[in-house]
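Each chain, written out:
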Amino acid sequence: MDFPAPRLRRLVRLIVIDSDELIALVRPTPPRPQTWALPEREVPLRGSYTHTASALALDLMGTSEIRWGAVTGRRWSRPEAGRRTDVHYFIARTDFPPAGKTVMWISRLHLDSHLAGRLLQDTSNLTNGYLDGWLPDGPITLD
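Numbering of residues starts from 1 in each chain and follows the order in which that chain's sequence is written. In keeping with the predicted nature of the model, local features appear solely for residues at pLDDT of at least 70, side-chain atom pairs appear and are counted solely at 80 or more, and the whole-chain, interface and lining totals rest on all residues. Hydrogens are left out, water is left out, and the side-chain values use all remaining heavy atoms of the structure.

(A) Seen up close, the overall build of the chain. For the chain, the count of helices and strands is 2 helices and 7 strands. For the chain, the sequential pattern of α-helices and β-strands runs β-β-β-α-β-β-β-α-β. Here the C-alpha radius of gyration of the chain, 15 Å, is about what a compact globule of 143 residues would show, namely 15 Å. Taking the principal axes of the C-alpha coordinates as reference, the chain spans close to 40 × 35 × 30 Å. Relative accessible area decides the class of each residue, using a 1.4 Å probe on protein chains only: under 20% of the type maximum gives buried, over 50% gives exposed, and in between gives partly exposed. Within the chain, the fraction of its 143 residues that count as buried is 44%. The Shrake-Rupley method, run with a 1.4 Å probe, gives the accessible areas here. Residue values count only the displayed protein chains as cover. Counting every atom, the chain has about 8,500 Å² of accessible surface; 53% of that belongs to carbon and sulfur. For this count, His and the chain ends are skipped, Lys and Arg are scored as positive, and Asp and Glu as negative. Working definition for charges: the position is that of NZ of Lys, CZ of Arg, CG of Asp or CD of Glu. With 18 positive and 16 negative side-chain charges, the chain shows a separation of 9 Å between the mean positions of the two kinds. A run of H or I in DSSP becomes a helix once it reaches four residues, and a run of E becomes a strand once it reaches two; helices and strands are each numbered from the N terminus. Atoms counted for the radius of gyration: C-alpha only. Globule rule: 2.2 Å times residue count to the power 0.38.

(B) Molecular detail of the nonpolar core. The biggest cluster of nonpolar side chains holds 22 residues, and the ones touching the most others in it are Ile15, Leu25, Leu38, Tyr89 and Leu126. At 4 residues, helix 2 (residues 117-132) tops the list of elements feeding residues into this core. In what follows, residue pairs with any heavy atoms lying within 4.5 Å of each other are defined as contacts. If sequence neighbours within four positions are ignored, isoleucine 15 has contacts with Ile23, Leu38, Tyr89, Phe90, Ile91, Ala92, Thr123, Leu126 and Thr127. Grouped together as the second largest cluster of nonpolar side chains are 16 residues, Val12, Leu14, Ala24 and Phe90 included. Nonpolar cores were defined as sets of buried Ala, Val, Leu, Ile, Met, Phe, Trp, Tyr and Cys residues, with membership established by side-chain atoms within 4.5 Å.

(C) How the structure looks around the pattern of salt bridges. Whenever a carboxyl oxygen of Asp or Glu lies within 4 Å of a side-chain nitrogen of Lys or Arg, that contact is scored as a salt bridge. What the rule picks out here adds up to 8 salt bridges. Close ionic contact of glutamate 42 with arginine 9 constitutes a salt bridge, the shortest N to O distance being 3.1 Å. Taken together, the positions of glutamate 42 in strand 3 (residues 40-42) and arginine 9 in strand 1 (residues 8-18) put the pair 33 residues apart, joining distant regions of the chain. You can call arginine 9 partly exposed: its relative accessible area is 26%. Residues glutamate 40 and arginine 13 are paired through a salt bridge, measuring 2.8 Å at the closest nitrogen-oxygen approach.

Purely geometric numbers; function is a separate question.
This is how it looks when you write it as structure tokens:
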């Protein structure tokens, strides 16, 4: 098995979409006032992006049935403090989202009022391309 370089941070982000095409946002860790984000988790050293995404979806959605979108995204970030970040985006669909105070469901039209910068751009591009059908199945690079 290949191991990432010690100066590499590996991260998974989920775009969870319900049957009404609402997108799940969560409070980020560590919490920042008045801020929402996509669910995300760091990939363990010996872990895989797919297994980390599955575990994150289970923690977030509980027993709700998840269908994985055929489109995934990947972005390499610029080095910060000598570390690069490799982010993989996964799309998860559910018909019965759990209700709770830790998840806020918003329409894709309102993403710009909750997300900013590259996170907004990546989320909008993947969500719109997936839901509108103009992105081909498979992985795409977001750089």
